[in-house]
Amino acid sequence: TLGQLLERYQREISPTKRGSVQEIQRIDVLRRHDLAYRTLIGLSQQDIASFRDERLQSVAPSTTVRELAILSHVLEVAIRDWGLPLAKNVVKLVRRPVIRNERSRRLTGDEEQRLLDGCDGGQTPYFKTLLILAIETGMRRGEILGLKWSDISHNRRVITLALTKNGSGREVPLSQRAFDALMDWKERAPVDDPTVFPMTPGALEQAWRRLLIRTGIKSLRFHDLRHEGVSRLFERGLNVIEVSTISGHKELRMLRRYSHLSADDLVARLG
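Described in the following lines is the structure provided in the data block. These numbers come from a predicted model, not from an experiment. (Residues numbered from 1 in each chain as written. Predicted model: local features only at pLDDT ≥ 70, side-chain atom pairs only at ≥ 80, totals over all residues. Heavy atoms only, no water.)

### Remarks on the overall build of the protein
Okay, step 1: When helices and strands are counted, the protein shows 12 helices and 3 strands.
Okay, step 2: Taken along its principal axes, the extent of the C-alpha atoms in the protein is 60 × 55 × 40 Å.
Okay, step 3: Burial statistics for the protein: of 271 residues in total, 45% are counted as buried.
Okay, step 4: Here the analysis covers contacts within the protein between residues at least 6 apart in sequence; of these, 65% occur between residues at least 24 apart.
Okay, step 5: Entry remark: accessible area of the protein is about 15,200 Å², with carbon and sulfur atoms responsible for 51%.
Okay, step 6: Each charge class in the protein was averaged separately, 45 positive and 34 negative side chains, and the resulting centres sit 4 Å apart. (Helix = DSSP H or I, 4+ residues; strand = E, 2+ residues; numbered from the N terminus. Buried < 20%, exposed > 50% of the residue type's maximum accessible area, 1.4 Å probe, protein only. Contact = heavy atoms within 4.5 Å. Areas by Shrake-Rupley, 256 points an atom, 1.4 Å probe, with all protein chains shown as cover. Lys, Arg positive; Asp, Glu negative; His and termini not counted. Charge placed at Lys NZ, Arg CZ, Asp CG, Glu CD.)

Here is the structure:
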């Protein structure tokens, strides 16, 4: 059955991946679904399409796309590596849902100053530094929380990220403002802790929610600071290749929604 195949994949393949915890949880959900009881020989394109349509009734399109991606890779491994006699990967024949969750929330008015001032009322001494780094570099939450002091080159003013979400490393140049904020925190940070921001993702989310309540700022997610940071890089005159080098966007089409920023800039340059 598909369920037995999922169980083997979960046991042998998932633990080798960087996002193993999340994938194993997703496979648990798939194994409980009626689809898991279908035999591989009987599994059809229509079964997958029905599964997709049913899931879209209860979860976001992005979740459905991730579940379909897992099912597709499970069948791919079964055919290519495990020698199961399947004629084709039926998941590849089914149309994927369209994900329309791009946000364009920017910091407006005095929101940035309110956020930074609001950090002083919190219990996390480095939270202001963390926010400045997010705004100035556009780094992802996981990259910021995984940062170690040894990743920061003082003489070059560069952060070296060994492994990022897209599977490759990159170097992030620091603005003077970001560098100064980091050095100010380093003078006060515990000497024996190699981590710049000793905080879990859950603790960050809690601190972020409390900060929004203190400052009265609505509908702002922490991830929106990445959008803000990348937008500012374009506003400083950097081109798409330069911005992608800093932000870590592997696919340049992901930066297409920022094109209006550089277009406005081009009007001024053209005269």
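And the narrative resumes.
### Details of empty space enclosed by the protein
Okay, step 1: For the structure shown, the criterion picks out 1 cavity of 30 Å³ or more.
Okay, step 2: As a volume, the largest cavity reaches approximately 30 Å³.
Okay, step 3: Looking at the largest cavity, the residues that line it are Ala134, Met139, Arg140, Arg141, Phe222, His223, Leu225 and Arg226.
Okay, step 4: Grouping the amino acids of the lining of the largest cavity by side-chain chemistry returns 4 nonpolar, 1 polar and 3 charged. (1 Å grid on protein atoms, 1.4 Å probe; cavity = no way out; pocket = protein on both sides within 12 Å on 5 of 7 lines; lining within 4 Å. Points joined across faces, edges and corners; volume = space filled by probe spheres on them. Nonpolar A, V, L, I, M, F, W, Y, C, P; charged D, E, K, R; others polar.)

### Observations regarding unusual backbone geometry
Note: most residues except glycine have negative phi, and most peptide bonds are trans.
Okay, step 1: Residues other than glycine seldom take positive phi values, yet Arg157 does so here, at roughly 60 degrees.
Okay, step 2: Of note, Ser219 is a non-glycine position whose phi angle comes to about 45 degrees, a positive value.
Okay, step 3: By the secondary structure assignment, Ser219 is in the loop between α9 (201-215) and α10 (224-235).
Okay, step 4: For Ser219, a relative accessible area of 56% corresponds to the exposed category.

### A short note on the pattern of salt bridges
Okay, step 1: Scanning all chains against the criterion turns up 24 salt bridges.
Okay, step 2: Note that Asp110 and Arg114 form a salt bridge whose closest N and O atoms lie 3.4 Å from each other.
Okay, step 3: For Arg114, a relative accessible area of 28% gives the class partly exposed.
Okay, step 4: The partner of Glu171 in a salt bridge is Arg156, with the nearest N and O atoms 2.9 Å apart. One end of the pair, Glu171, is in strand β3 (residues 170-173); the other, Arg156, is in the loop between β1 (152-153) and β2 (158-161), and 15 residues separate them in sequence.
Okay, step 5: The exposure class assigned to Glu171 is partly exposed, which follows from its relative accessible area of 37%.
Okay, step 6: Connected through shared salt-bridge partners, Arg106, Glu112, Glu136, Arg177, Glu228, Arg232, Glu235 and Arg236 make up one network. (Salt bridge = Lys/Arg side-chain N within 4 Å of Asp/Glu carboxyl O.)

### Describing helix α1 (residues 2-12)
Okay, step 1: Listed as buried for α1 are Leu2, Gly3, Leu5, Leu6, Tyr9 and Gln10. Looking straight down α1, one finds its buried side chains confined to an arc of 160 degrees; they lie on one side. (Arc of directions from axis to C-beta.)

### A look at the pairing of β2
Okay, step 1: The sheet contact formed by β1 and β2 spans 2 bridges and is antiparallel. Across the sheet, residue Ile152 finds its bridge partner in β2, namely Ile159.
Okay, step 2: Connecting β1 to the antiparallel partner β2 that follows it, the hairpin turn spans 4 residues, and Arg157 within it adopts a positive phi of roughly 60 degrees.
Okay, step 3: Here β2 runs beside β3; their pairing, made up of 4 bridges, is antiparallel. By the bridge assignment for β3, Thr160 is matched with Glu171. (Pairing = 2+ DSSP bridges.)

### Some remarks on the packing of aromatic side chains
Okay, step 1: As enumerated under the stated definition, the model contains 3 aromatic pairs in all.
Okay, step 2: Judged by centre distance (5.3 Å) and plane angle (55 degrees), the rings of Tyr126 and Trp185 are tilted. Of this pair, Tyr126 sits in the loop between α5 (111-119) and α6 (127-137) while Trp185 sits in helix α8 (residues 176-188), placing them 59 residues apart in sequence. There is no split in this pair, since Tyr126 and Trp185 are both buried.
Okay, step 3: With a centroid separation of 5.5 Å and an interplanar angle of 90 degrees, the aromatic rings of Trp208 and Phe222 are classed as edge-to-face. Here Phe222 lies in the loop between α9 and α10 and Trp208 lies in helix α9, a separation of 14 residues in the sequence. Pair check on accessibility: Trp208 and Phe222 agree, each one buried.
Okay, step 4: One aromatic cluster in this structure is built from Tyr126, Trp185 and Phe197.
Okay, step 5: A cation over an aromatic ring shows up here: Arg8 above the ring of Trp82, its NZ or CZ 3.8 Å from the ring centre. (Phe/Tyr/Trp six-rings, centres within 6.5 Å; stacked < 30°, edge-to-face > 60°. Lys NZ or Arg CZ within 6 Å of the ring centre and 35° of its normal.)

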